[in-house]
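# Analysis of the macromolecular model
One-letter residues, chain by chain:
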Amino acid sequence: MEMPVEIGGHAPAFVMVAETAADVAAREALLDRAMGPKRRKKSSEKLRRGRRPSEGLVFVARDASGGVAGTVRLWDVRLGEGGAAALLLGPLAVDPSLKNAGIGSALMRHAIAEAARLGHAAILLVGDAPYYARFGFSAEKTGSLAMPGPYERHRLLALELVEGALDGVHGTLRAAGRKLKAQELISAA
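Remember, predicted model here, so these are calculated numbers, not experimental data.

## Observations concerning the overall build of the protein
Along the backbone of the protein there are five helices and 10 strands. Across the protein, every contact between residues at least 6 apart in sequence was considered, and the portion connecting residues at least 24 apart equals 65%.

Put into structure tokens, the structure is as follows:
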């Protein structure tokens, strides 16, 4: 499903679409430009490594020429040992030359709406509270949760898509969902 996005009242400058296999190289290059080489060492990456993103929750923003201008992916996780299912969002990135054009916000809104439409109960992420608060994320219900590996506790944020979905959750987030196949693991390295 395409979602055209108007920027500044002009004709749609970007379109939110499901990522395709042809977008992988452009996505990885964009992530390298936007986040640098240390992006692969983050705790969130430990939950993504060797896994496929959640079904139907991988999006890119395409510019007028069809190029990848932004990306967001959501991943299946469990909240603690045998805990409730949730999603982990990330990375969200926009081409650095297009910062402040509204692409990141449009990707976030699209990803949240699609996750809700698909019946997911909650989304977690590690990020800047002032930025993500506009989408409803906060650290209010993440105090009893932890990421595997180092992270800054105040940056573990959550959004309930179903009221009460995070009530009483505790423990360390664990990877869930579909594993990558052998040939996918080789090309992901």
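Now that the structure has been shown, the text picks up again.
## Details of the pairing of strand 3 (residues 58–62)
Counting buried residues along strand 3, five of its five residues qualify, which places the element largely inside the surrounding structure. Neither face of strand 3 is exposed, since V58, V60 and R62 on one face and F59 and A61 on the opposite face are all buried. With five bridges joining them, strand 3 and strand 4 (residues 68–79) adopt antiparallel strand pairing. The residue bridging R62 from the neighbouring strand is V68, located in strand 4.

## Observations concerning the nonpolar core
Core analysis: the largest hydrophobic core is formed by 26 residues, its most contacted members being L89, L107, M108, I123, Y132 and F137. Sorting the residues of this core by element identifies strand 2 (12–18), strand 3, strand 4, strand 5 (85–89), helix 3 (103–117), strand 7 (122–126) and strand 9 (156–160) as the ones contributing at least two each. Examining the composition of this core, we find that seven residues originate from one element, helix 3, more than from any other. For F137, the residues in contact, after removing those within four places along its chain, are M108, I112, I123, L125, Y132, L157, A158 and L159.

## A word on the pairing of strand 4
Of all 12 residues in strand 4, 11 are buried; the element is thus mostly enclosed. Between strand 3 and strand 4, which pair antiparallel and follow one another directly, the connecting turn spans five residues, one of which, G66, has a positive phi of 95°. Pairing between strand 4 and strand 6 (residues 93–94): two bridges, direction antiparallel. If you follow T71 over to strand 6, its bridge partner there is A93. Across five bridges, strand 4 lies against strand 5 in antiparallel orientation.

Procedures and definitions
- Within each chain, residue numbers correspond to sequence positions counted from 1 in written order.
- At least 70 in pLDDT is required for a residue's local features to be given in this predicted model, at least 80 for side-chain atom pairs to be given and counted, and no such filter applies to totals for whole chains, interfaces and linings, which use all residues.
- Calculation of side-chain values draws on the structure's entire complement of heavy atoms; hydrogens and water are dropped beforehand.
- Note on conventions: DSSP H or I runs of at least 4 residues are helices, E runs of at least 2 residues are strands, and numbering of each starts at the N terminus.
- Any two residues whose heavy atoms approach within 4.5 Å are treated as being in contact.
- Exposed residues in this analysis have more than 50% of their type's maximum accessible area, buried residues have under 20%, and partly exposed residues fall in between, with area computed by a 1.4 Å probe over protein chains only.
- DSSP calls a pair of strands paired once it identifies at least 2 bridges connecting them.
- Residues belong to a common nonpolar core when they are buried Ala, Val, Leu, Ile, Met, Phe, Trp, Tyr or Cys residues joined through side-chain atoms within 4.5 Å.

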